[in-house]
Structures are given as structure tokens and as C-alpha cells.
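What follows is the residue order along each chain.
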Amino acid sequence: MTTLPVALTLNAGSSSLKFSLFDISGAPTQMAIGLVENIGKQPRLKADLGEALPAVARELKPEDAVDHTAALATVLALLRGSFPGAKASVVGHRVVHGGPHFAEPMVVTDQVMAELKRLSPFAPIHQPHNIAGIEAARAAFPEALQVACFDTAFHRHHPKANDVFALPREYYDKGIRRYGFHGLSYEYVSGELKRIAPQIHAGRVVVAHLGNGASMCGILGGRSVASTMGFTALDGLPMGTRCGQVDPGVIFYMVQQEGRSIDEVRDIFYTKSGLLGLSGISNDMRILESAGVPEANEAIDYFVFRIRRELGGLAAALGGLDALVFCGGIGENSRKIRRRICDAMDWIGLELDHDRNDKNARVISTDFSRARIMVVPTNEEIVIARAAKRLSAMPEAAAAE
Ligand code: AMP
């Protein structure tokens, strides 16, 4: 049997492990994608294994995904059974926080691992799970190269004025900076613009990544200039369960006047706020759109309001606007939200074509719109697979193993 070189990509969340398998014999092409969810509770496995194989959607026994290591073993058993000729020589990992120094994907060495652990307090909800995913993969594939790809890296060269908080200077040196996240998504979308609309790519673009996590980024000539997210993936737009921007004074109030512990406040900000908190119904935009009750509508109103407000701010940071690009589950699918965001935005040069918007076309602005409005489905996994292939082809990568 001939062996097929493949890259496995992993995105380890608190109770989920998302995976993709890419053929890397040429430009990476996706062979399979799936996830184990509800790890540690009542886990389920879902996978799309390409056209030749049936999709998988089944409950797992708790012991098959008691933690990330067990979940990865379950995934590998599925992939090895489905693609017996595939040999993973490299595993690419999504890592939320690369701190001030990681501006590129890195081969994971013991030193890099130590740095990732040091950065854990910067992303306490995400980073420890990313690390657990890397540790599980290192144990399962001791011979494979592990590559870490950072959600912060795309923003690392943004201007200093957008890198600082107005806190005493020493905090900047301690790493308290505006990092920005969703960088893998922005890198993909910016790369797609370069391919399909090079003039737009060379100009002033705002990308709105609107999913369960949500942020926006101002990109000038392919480089991040400003993002709505800051030190942690909590700032900026309201999200599924995260609050987005709030006055830090709210934290003092909750702690001092309500007697809440910092852990409680953190839990409220990360898991009980955003669309879920405001609506009291759900974090899921589809459910809110169909709910038709005032609380759901208010949550949507706030979501749209913040996006429109940030759009103005980012356009100011860019010195104008050549395109607004939507991606993420909401950005790619919700015509209603896109319509509301673009409504009466002619002052900034945006004119939505309702017909194109209703058809989910790639370009959804009118032919007369000064700035273009586009929908570009994102693909963070392929950004990881490309980096994994690139680094595995470099001689110093082999030396780092
Ligand atoms: P993501 O985190 O990128 O997978 O996006 C998840 C979000 O996208 C959830 O809030 C979903 O409700 C939302 N979403 C997905 N499809 C649609 C749709 N057709 N209309 C509205 N929202 C959608």
C-alpha cells in the first residue's frame, strides 16, 4: 500500500476536540473534518470523511473521551480505519495566545511548550485546553512534528498605539497588551482576497468574523492595523456567551458591592453574558432570530449596534474603507444580520444589494457601492495545514524535533 502524506490539524476547546485531515502531497486539500464534543461528560463524535465514506455521528462511551488524550485516541482510531494509507508526519494545532513574541507558527519544542504554559493566564479559558491537545498529540505521535499556530500572530505587527493600554508603563513590559484574536481566520480571508480581489486586498478592509466568538479587524494592505479584541478574547463585540466590551468598573462593583469572587465574575463574563446573557434565551443566533420575543430582539439589536459602531471606528483607523467582508457562522449565513449591519451605511460608502445578500452571493454590494461588501467563508484549518506543511519542509524543523 502506498502511503499518503497527511497533516492532522487539532483545535482543542474546553470540552471539544475539532480535527481535520489534509492531504499534503501537493497544496493541502481537506480529506476529513469532525469533532468530539462533550468530552468528559456524554461525548459524541461527528465526522465528515469525504464523498467516498459515510458521515459519522454517534454517541461515544464516556471512557472513549474521558479527556483530550482519550478523545484523540478515538479520533485516530476512526481516521486510521478510514484512511489506512495515510501517514501523519505533522500535526498542526490552533493555539489561542502566542503572547508578545510568537508572530509566526512555531515548531513545538520543550522550550515553546514552557512558553505556552507561561502564557496560560493570558487566556485561561482556552490556552490550557490547547496545551492539553498538544500534549495528547505529542504522546500519540512521538515521531511527528507538532506545529503551533497562534490566533494572535496576525496582529503582532499592528501599530504601537493599538498595542498599548493606557496603564502604567510597566504593565506593557509585563505583557499586558492589546493582542487581538481570530488571526487564523483573518489570515485566511485576507489570503482569499489577495487571490480573488487583489485590488481590494491592497486597500482598506474591515473583516467581521461573526460566530459564537466574534471580532472585527481593520486590515491595510494585508496587515492588521486594529482589532476589536484586546488582551483576552473577551473584549470588543458581544459574543455567544462572552460580554465583549464593558467598563472595567463593573468588575469592581460586582466584587465590592455584590461580594462576588473573581472566579464568579469571570464565569459571568465568559459564559453567562453576550447574546445568552442579554436574551436570557440562547447563545445561538438562529434561535434568537426565530424567537420573536423582545428579549431576543434586544440582544440582536445590541449585537448589530456594536458591529456598526466598531465598523466606523475601524474605518477611521484605516483612513477610509474599500471593503467590508463577512465571515463566521453568522457572517456567512445570516442575511438578516448582514442587512441590518449595512442598512443606511451609504455615508461610509456601503450599499447592499438585497437580492445578492439574500442569495448569499460572494459580492453582496451593488455595482454602484463605493466600497465592496463581501462574504468569504473562513477556513482556519487550512491555514494551520499550510503552516504545518511549510514548517515540516524546512530543514531546521527536523532539527527541532
Ligand atoms: P461559528 O462559531 O462560526 O460556528 O458560528 C456559530 C453561530 O452562527 C451561531 O450563533 C449560529 O446560530 C450562527 N448561524 C449559523 N447558521 C446561521 C444561519 N443560517 N442564520 C443565522 N445564524 C446562523
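Described in the following lines is the structure provided in the data block. Residue positions within a chain follow its written sequence, with the count starting from 1. With the structure being a predicted model, the display of local features is reserved for residues of pLDDT at least 70 and the display and counting of side-chain atom pairs for 80 or more, all residues being used for whole-chain, interface and lining totals. Side-chain numbers come from the whole structure's heavy atoms, not from hydrogens or water.

### Considering empty space enclosed by the protein
Unfilled space is identified by rolling a water-sized probe across the atoms.
Point 1. Definitions used throughout: a 1 Å grid over protein atoms alone; a cavity as a set of points that fits a 1.4 Å probe which cannot get out; a pocket as an open set with protein on both sides within 12 Å along at least five of seven lines; a lining residue as one with an atom within 4 Å of a point. Grid points are joined across faces, edges and corners, and a volume is the space filled by probe spheres set on the points. According to the stated counting rule, one finds two cavities of 30 Å³ or more in the structure shown.
Point 2. Taken as a whole, the largest cavity spans an internal volume of roughly 40 Å³.
Point 3. Together, Thr-9, Leu-10, Asn-11, Lys-18, Phe-19, Ser-20, Ile-33, Glu-381 and Ile-384 line the largest cavity.
Point 4. Secondary structure is summarised from DSSP: a helix means a run of H or I of at least four residues, a strand means a run of E of at least two, and numbering begins at the N terminus for each. Those elements that provide at least two residues to the lining of the largest cavity are strand 1 (4-12), strand 2 (16-23) and helix 15 (380-392).

### Let's talk about the pattern of salt bridges
Any two side chains of opposite charge can pair, on the condition that their charged atoms come close.
Point 1. Take a side-chain nitrogen of Lys or Arg and a carboxyl oxygen of Asp or Glu: if they are within 4 Å of each other, that pair is a salt bridge. Considering all chains together, one arrives at 19 salt bridges under this definition.
Point 2. Lys-272 is the salt-bridge partner of Asp-267, the closest N and O atoms lying 2.6 Å from each other.
Point 3. The class for Lys-272 is partly exposed, based on a relative accessible area of 46%.
Point 4. What you see here is one network of salt bridges that share partners, running through Glu-37, Arg-44 and Lys-46. Whether a residue is buried, partly exposed or exposed follows from its accessible area with a 1.4 Å probe, protein chains only, as a fraction of its type maximum: under 20%, in between, or over 50%, in that order.

### Topic: the layout of surface pockets
Point 1. Approximately 1,900 Å³ is the volume found for the largest pocket.
Point 2. Contributing to the lining of the largest pocket are 50 residues, with Lys-18, Arg-94, Gly-211, Asn-212 and Gly-213 lying nearest its centre.
Point 3. Sorting the residues of the lining of the largest pocket by element identifies strand 1, strand 2, strand 3 (29-37), strand 6 (86-95), helix 8 (262-271), helix 10 (285-291), helix 12 (328-333) and helix 15 as the ones contributing at least two each.
Point 4. Among the elements that make up the lining of the largest pocket, the one with the highest residue count is helix 12 (five residues).
Point 5. Lining the second largest pocket we find 32 residues, and of these Phe-231, Thr-232, Leu-234, Pro-248 and Ile-251 sit closest to its centre.
Point 6. When residues of the lining of the second largest pocket are assigned to their parent elements, the largest contribution, five residues, is made by helix 8.
Point 7. Charged residues are taken to be Asp, Glu, Lys and Arg, nonpolar residues to be Ala, Val, Leu, Ile, Met, Phe, Trp, Tyr, Cys and Pro, and polar residues to be all remaining types, Gly included. Split by residue class, the lining of the second largest pocket holds 18 nonpolar, nine polar and five charged.

### Describing the packing of aromatic side chains
Point 1. Two aromatic rings from Phe, Tyr or Trp, using only the six-membered ring of Trp, form a pair when their centres are within 6.5 Å; if the ring planes differ by under 30 degrees the pair is stacked, by over 60 it is edge-to-face, and anything between is tilted. Within the structure shown, the criterion is met by five aromatic pairs.
Point 2. Residues Phe-154 and Tyr-186 carry aromatic rings whose centres are separated by 6.5 Å and whose planes lie at 35° to one another, so their mutual orientation is tilted. In this pair, Phe-154 sits in the loop between strand 8 (145-150) and helix 4 (170-173) while Tyr-186 sits in helix 5 (residues 183-196), placing the two residues 32 residues apart along the sequence.
Point 3. Through a chain of ring-to-ring contacts, three or more aromatic side chains come together here, namely Phe-122, Tyr-179 and Phe-231.
Point 4. Positioned above the aromatic ring of Tyr-172, the side-chain terminus of Lys-160 is 4.6 Å from the ring centre.
Point 5. If you follow Lys-174 out to its NZ or CZ, it ends over the ring of Tyr-171, 4.6 Å from the centre. A ring is considered to have a charge above it if a Lys NZ or an Arg CZ atom is located within 6 Å of its centre and within 35 degrees of its normal.

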